[in-house]
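The chain contents come next:
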Amino acid sequence: MAKEHEVLLNAFVIAKKRYRVFYNAGILVWEDESSKKAKTTVPITDVLSVSVSKLPHANGKQWMKRSKAAAAAPPPPHPPAAAIVRNEAHGSLDSDRIPVLSGSTTTNTLATTSSNIPHNHSNRGSLNDLSDDDRREASDYLDAGTIQAGDFKYLILHYAALVCQKTNRWRVRAVALHNSEPRLVELWYNRLSSDLRDQNRPKHLLLFLNPYGGKKNALALYERYAKPLFRLAGVDINLIITQRAQQIYDIVTSKSILLDNYDGLVCCGGDGTFAELFNGLVTRTMLDCGIDIKHPAYLPKPNIPIGVIPAGSTDTVACCLNGTTDIKTCIIHIILGQHSGLDISAVYSADAATKCDEGASPAGTGRPRPQLLKLFASALSYGYLGDIAYDSEKYRWMGPKRYDYSGFKKFLANRGYNAEIVVHLDRRGKQDPNDGVRCLDKCARCRKAQYGRDCGGERASYEDDDTEPLVVRGKFLMVSGANISCSCERSPQGFSPYCHLGDGLLDLVLVRHTSMFNNLRLLLTMTSKTKKLSELPFVEIYRTKEFRFTANGQSETNGGEIAPAISSEMMRRSKWNCDGEVLLDTNIIVESNCQLIQVFRRGILPAGTAGNGGIDQRAAATNPADDKESCCFGLCN
């Protein structure tokens, strides 16, 4: 009989209660024999690890149930580690409390000498890393490999669960299945372990950590959350701690590192760190394909997925990919290994571009591309946000508060910039940026775009013949090309909440220069949880494949003669904010590349549904007063 048709059905004891445990076709179910309502369903795609033990604990310590008296007691001067919560047969496992035995995984670290950064980081556990209790119990716990001789009567499962759908937070839970016959425990262990190996999850990751981004706590976050979780899942990490800007780009583009040895590239940092990673990866792919990196005829698609562990100031990319900036959620998604395509927009220099027909798309002329300046994943902004990025570089010593300080200064200045934008729109009018369709799990629009790309289509959503140019002129406070919705904690709706991750299009947001009062309305709308920029009368949003930007007042040549500038007001220029990095070139061409890279992520579930590992895994709360805690164990507060 084929493995997928085999059925495992046995009785196990979970938390001193008898459960019927059923496993077939990748679905694991355990049900209380005395109550059919106490039923839990976990697909194999949500299981992080399986192990056997001689002890009835999943993490080397007894399950502890938080009492109301303990919760109401005042905290001690030096609070101990957070207690592990047990809800019936389930546990909310805090990842930094996971003990793992030596030999489970290894890590090599490449870091330059620094007095404030430890030299030796490793995922290889040792007896020194374990507490006294863990050291005594080490011989009773086995988490990987083939079962050795031993009377193992407990099957330990760690799995991921969506504990709060409203905030899209996932956590690791554990369950201990007891059976008096070690033969059955061994049978279940071998079958589940075999199916876990078939999941094609990343086992070797190259991880770049930026210790200076955001609040400068990336290293502490990695040590507390990422390292134990990767160790639990048996993922080998090659950790590189960066010491300067563009070091990730230089390392990835270097031929000294064989990317084929890794199942994925991951960065721990902010949006700028993520931008360095995929810029370097795409450039490395061009070098491997023999493509000119300055004037590429096309951008090749890398064959290795990448991921991001949020540790920056805003973490816009992580929020749009996972629906949250929660670090544990992002790590869990990387471990589970599911990935999907992400659009990447390319910025070309319009000044260095060869002359083409007026209004023609450079992608459809068949001529070599202009000079490639940068790639971005979130947003490219000119005007207000560009001024903030340029001005805030002088105040890096302030940390993330430098953006607030520079933003306040530029708000009072209220400068506008004359520009001309040529937008290529769908002449059929089907690409509406305000259609009300968000990019969620199993997005039909992104799947359609992926199908068109896989079939060899150069353009995901429409061909050049289906577009027509639209010229927009005027004085603008801000011009932004949003590759994703750009939602984050500071701006819950982002620039364009209906911008999709993989449809091959970007949303061009134009904010006209107006009064100080309207600018205040703009800022309040950007920080609102319900209002959208498209509702403001001085904001225009266009959905397009590409656009060309030209700053008015530039000295232009006409028949060999230089046209004089009209006024200093017309000559005023801003800078471009490209994923948090300042771009000095003003006149540019921007083009979206459909699903150019693959990113580790799980789709954001629509409201009112419970997907794999979702809310349906948890037994219903018996006490209505505990609903708030049972939602996500107090982690959403």
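Quantities reported herein were computed from a predicted structural model and do not represent experimental measurements.

Basis of the calculations
- Residues numbered from 1 in each chain as written.
- Predicted model: local features only at pLDDT ≥ 70, side-chain atom pairs only at ≥ 80, totals over all residues.
- Heavy atoms only, no water.
- Axes fitted to C-alpha atoms, helices over the stretch in contact; angles between N-to-C directions.
- Helix = DSSP H or I, 4+ residues; strand = E, 2+ residues; numbered from the N terminus.
- Parallel < 35°, antiparallel > 145°, perpendicular 65-115°, else oblique.
- Left-handed = near helix turned anticlockwise from the far one by under 90°.
- Contact = heavy atoms within 4.5 Å.
- Nonpolar A, V, L, I, M, F, W, Y, C, P; charged D, E, K, R; others polar.
- Buried < 20%, exposed > 50% of the residue type's maximum accessible area, 1.4 Å probe, protein only.
- Core = buried A, V, L, I, M, F, W, Y, C linked by side-chain atoms within 4.5 Å.
- Expected span 1.5 Å × (residues − 1).
- Arc of directions from axis to C-beta.
- Pairing = 2+ DSSP bridges.
- Polar contact = N/O pair within 3.5 Å; in protein donor to acceptor, adjacent residues only side chain to side chain.
- Salt bridge = Lys/Arg side-chain N within 4 Å of Asp/Glu carboxyl O.
- Phe/Tyr/Trp six-rings, centres within 6.5 Å; stacked < 30°, edge-to-face > 60°.
- Lys NZ or Arg CZ within 6 Å of the ring centre and 35° of its normal.

Here the focus is the packing of helix α4 (residues 218–232) against helix α8 (residues 327–336). Across the interface, α4 lies against α8 with an axial gap of 10 Å and an inter-helix angle of 30°. Here α4 lies roughly parallel to α8, going by the angle between them. The interaxial crossing formed by α4 with α8 has right-handed handedness. Facing α4, whose interface residues are Leu221, Tyr225, Ala226, Leu229 and Phe230, α8 presents Ile327, Lys328, Ile331, Ile332, Ile334 and Ile335. Looking at side-chain class alone, the contact of α4 with α8 contains 10 nonpolar, no polar and 1 charged residues.

A word on unusual backbone geometry. Even without glycine at this site, Asn414 takes up a positive phi of about 50°. As for its position among the elements, Asn414 is in the loop between α10 (401–413) and β19 (417–426). Take Asn414: its relative accessible area is 16%, and that puts it in the buried class. The phi dihedral of Lys442 is positive, around 55°, even though this residue is not glycine. Examined against the element boundaries, Lys442 turns out to sit in the loop between β19 and α11 (444–454). Look at Lys442 and you get exposed, because its relative accessible area is 61%.

Counting 64 residues, the largest nonpolar core has Phe274, Leu342, Phe495 and Ile597 as the members making the most contacts within it. Examining the composition of this core, we find that 7 residues originate from one element, helix α6 (residues 271–288), more than from any other. Ignoring anything within four residues of it in the chain, the contact list for Phe495 reads Ala379, Ser381, Leu385, Met478, Ser480, Ala482, Ser485, Cys486, Val509, Met526, Leu533 and Ile541. If you look at the next biggest cluster of nonpolar residues, it comprises 34 residues, including Leu209, Tyr222, Phe230 and Val235.

Among the 9 residues of helix α9 (residues 384–392), 8 are classified as buried, and the element is accordingly described as predominantly covered. Among all positions of α9, only Tyr384, Leu385, Gly386, Asp387, Ile388, Ala389, Asp391 and Ser392 are buried.

Moving on: the environment of Ile597. Within the secondary structure, Ile597 sits in strand β28 (residues 588–600). Judged by relative accessible area, which is 1%, Ile597 ranks as buried. The spatial distance from the C-alpha of Ile597 to the C-alpha of Gly341 is 5.7 Å, given a sequence separation of 256 residues.

With 13 residues, α10 should cover 18 Å at 1.5 Å per step; its first-to-last C-alpha distance of 19 Å lies within 8% of that length. When we look at burial in α10, the residues that qualify are Arg402, Ser406, Gly407 and Phe411. Looking straight down α10, one finds its buried side chains confined to an arc of 160°; they lie on one side. The exposed set on the far side of α10, more than 90 degrees from its buried face, consists of Lys401 and Phe408.

Now for the pairing of strand β20 (residues 467–482). Where strand β18 (residues 379–383) lies against β20, 5 bridges are found, and the strand directions are antiparallel. Bridge assignment links Tyr382 to a residue of β20, and that residue is Val479. Pairing analysis gives 10 bridges linking β19 to β20, with the strands arranged antiparallel. Within β20, the position partnered with Val423 by the bridge is Leu470.

Once that is clear, we can look at the side chain of Asn238. The residue Asn238 is located in strand β13 (residues 236–241) in this model. Asn238 gets classed as buried once you look at its relative accessible area, which sits at 13%. Here Tyr262 takes part through its side chain, which lies 2.6 Å from a polar atom of the side chain of Asn238.

Taken as a whole and assessed by the stated rule, the structure comprises 21 salt bridges. Of the charged contacts in the structure, one is a salt bridge between Arg18 and Glu33, with a shortest N-O distance of 3.2 Å. Of the two residues, Arg18 is situated in strand β2 (residues 17–24) and Glu33 in the loop between β3 (27–32) and β4 (39–43); the sequence distance between them amounts to 15 residues. Across the salt bridge formed by Arg543 and Asp435, the nearest N and O atoms sit 3.6 Å from each other. Here Arg543, found in strand β22 (residues 539–544), pairs with Asp435, found in the loop between β19 and α11; they are 108 residues apart in sequence, far enough to count as distant. Assessed through its relative accessible area of 2%, Arg543 is described here as buried. Judged by its relative accessible area of 30%, Asp435 falls in the partly exposed class. Several salt bridges converge on common partners, so that one network encompasses Asp435, Arg445, Asp503, Asp507 and Arg543.

This part takes up the packing of aromatic side chains. The relative placement of two aromatic rings is captured by the distance of their centres and the angle of their planes. This model, assessed by the stated rule, comprises 7 aromatic pairs. Aromatic side chains Trp30 and Tyr159 sit 5.8 Å apart centroid to centroid with 70° between the ring planes, which places their arrangement in the edge-to-face category. Linking Trp30 in strand β3 with Tyr159 in strand β10 (residues 154–164), this pair joins segments that are 129 residues apart in sequence. Among the residues examined, Trp30 registers a relative accessible area of 1% and is labelled buried. Here Tyr382 and Trp576 contribute two aromatic rings whose centre-to-centre distance is 5.0 Å and whose plane-to-plane angle is 50°, an arrangement assigned as tilted. Of this pair, Tyr382 sits in strand β18 while Trp576 is found in strand β26 (residues 576–578), placing the two residues 194 residues apart along the sequence. Relative accessible area serves as the criterion here: at 1%, Tyr382 is assigned to the buried category. Positioned over the ring face of Phe152 is Lys54, at 5.9 Å from the centre of the ring. Lying across the ring of Tyr390, Lys575 places its NZ or CZ 4.7 Å from the centre.

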